[in-house]
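Below are the chains, spelled out letter by letter.
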Amino acid sequence: MPIDETFPENLKPIGKIHNSDGQFHFMWGPGKLKEASQNEDVQNAYKTRGEEITPLGVSGTTVAVDWDSCVADGACIEACPVQVFQWYRTEKDIPAKDVVGQTFEGTGSSVKNERKDFTDKADPIREHDCVWCMACVSVCPPQAIKVDQGNQEAHEKAAGTFQKIEGGTNPHANH
């Protein structure tokens, strides 16, 4: 099932994933069990770790990964020319349900085959570096990624930094 195109309208921010450079991105939820929970490799990896598969939600806003659909294929990580993504578990080996509120250095692996296992998720830790090439969207097998600059408003509203510009004249218009 592809990522919900209108997830910022249908979900709520459940917390932030911080980057040590002061940037952050939101985790949107509630999550729903989807492709990842049905994938045999993912199921086996969770079982090996003794962790339960739980609904996670969507990580990121302008570059968003539905972690409930992500099957840790790594195609997005390999395709991204500016290394927006990292395998979160290669930096902090904690359950995905525990990443909200965490601060990451951005030192996790950005190499397709270096995930810890199939419980790992591609996290858009450097969402703010995206160049909007859409390479990640085009290669994701479960269509778990949405890249949309228009979602910046949803990010700003959730962060409490949105300012609507109204009235006045356009200073750039030729009179």
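Everything numeric in this text was worked out from a predicted model, so none of it was measured.

K.L.:
What exactly am I supposed to notice about the nonpolar core here?
P.N.:
Considering soluble globular proteins, one finds that nonpolar side chains tend to be buried as a cluster. Counting 30 residues, the largest nonpolar core has Trp67, Cys76, Phe85, Val99 and Ile145 as the members making the most contacts within it. Residue assignment for this core shows that the elements contributing at least two residues are α3 (40-49), β4 (63-66), α4 (75-79) and β8 (145-147). What valine 99 contacts, discounting residues up to four positions off in sequence, is Lys16, Ile17, Met27, Trp67, Tyr88, Ile94 and Phe104.

K.L.:
So what exactly am I meant to see when it comes to the sheet that holds β8 here?
P.N.:
Strands belonging to one sheet form pairs held by backbone hydrogen bonds; the direction of such a pair is parallel or antiparallel. As summarised here, the arrangement of the six strands in space is β6-β1-β2-β3-β4-β8, forming an open sheet in which the pairing is mixed. Because the sheet does not close on itself, it has two edges, and the strands there are β6 (103-104) and β8. Sheet analysis places strand β1 (residues 12-19) next to β6, joined by two bridges and oriented parallel. Within β6, the position partnered with asparagine 19 by the bridge is phenylalanine 104. Along the sheet, helix α6 (residues 152-159) contacts β1 and β2 (24-29); its crossing angle with β2, the most-contacted strand, is approximately 90°.

K.L.:
Is there a simple way to explain unusual backbone geometry in this structure?
P.N.:
Keep in mind that most residues, glycine aside, have a negative phi and that most peptide bonds are trans. Residue glycine 29 is joined to proline 30 through a cis peptide bond whose omega torsion reads 10°. Non-glycine residue glutamine 83 carries a positive phi angle of around 55°. Relative to the assigned elements, glutamine 83 resides in the loop between α4 and β5 (86-87). For tryptophan 132, which is not glycine, the phi dihedral falls at a positive 60°.

K.L.:
Just checking my understanding: could you explain the pattern of salt bridges for this structure?
P.N.:
A side chain with one charge may pair with a side chain of the opposite charge, provided their charged atoms come close. Overall, the coordinates contain 10 salt bridges when judged by the stated rule. Two residues, lysine 112 and glutamate 78, come together in a salt bridge whose shortest N-O distance is 3.9 Å. Linking lysine 112 in the loop between β6 and β7 (122-123) with glutamate 78 in helix α4, this pair joins segments that are 34 residues apart in sequence. Classification of lysine 112 by relative accessible area gives partly exposed; the value is 23%. A salt bridge links lysine 157 to glutamate 153; the nearest nitrogen and oxygen atoms lie 2.8 Å apart.

K.L.:
It is not clear to me how the environment of alanine 159 should be interpreted in this structure. Could you clarify?
P.N.:
Structurally, the position occupied by alanine 159 is in helix α6. Accessibility expressed as a relative area gives 28% for alanine 159, which makes it partly exposed. The spacing of alanine 159 and proline 13 is 146 residues in sequence and 9.2 Å in space, taken between C-alpha atoms. When near neighbours in sequence (up to four residues on either side) are disregarded, alanine 159 contacts Phe24 and Phe26.

K.L.:
Looking at this structure, how should I read the environment of glutamine 86?
P.N.:
Mapped onto the elements, glutamine 86 comes out in strand β5. Residue classification places glutamine 86 among the buried positions, given a relative accessible area of 0%. Distance from glutamine 86 to alanine 122, taken between C-alpha atoms, is 5.5 Å for residues 36 residues apart in sequence. Only 2.9 Å separates the side chain of glutamine 86 from the backbone nitrogen of glycine 108, close enough to count as a polar contact.

Cut-offs used in this document
Residues numbered from 1 in each chain as written. Predicted model: local features only at pLDDT ≥ 70, side-chain atom pairs only at ≥ 80, totals over all residues. Heavy atoms only, no water. Core = buried A, V, L, I, M, F, W, Y, C linked by side-chain atoms within 4.5 Å. Buried < 20%, exposed > 50% of the residue type's maximum accessible area, 1.4 Å probe, protein only. Helix = DSSP H or I, 4+ residues; strand = E, 2+ residues; numbered from the N terminus. Contact = heavy atoms within 4.5 Å. Pairing = 2+ DSSP bridges. Axes fitted to C-alpha atoms, helices over the stretch in contact; angles between N-to-C directions. Salt bridge = Lys/Arg side-chain N within 4 Å of Asp/Glu carboxyl O. Polar contact = N/O pair within 3.5 Å; in protein donor to acceptor, adjacent residues only side chain to side chain.

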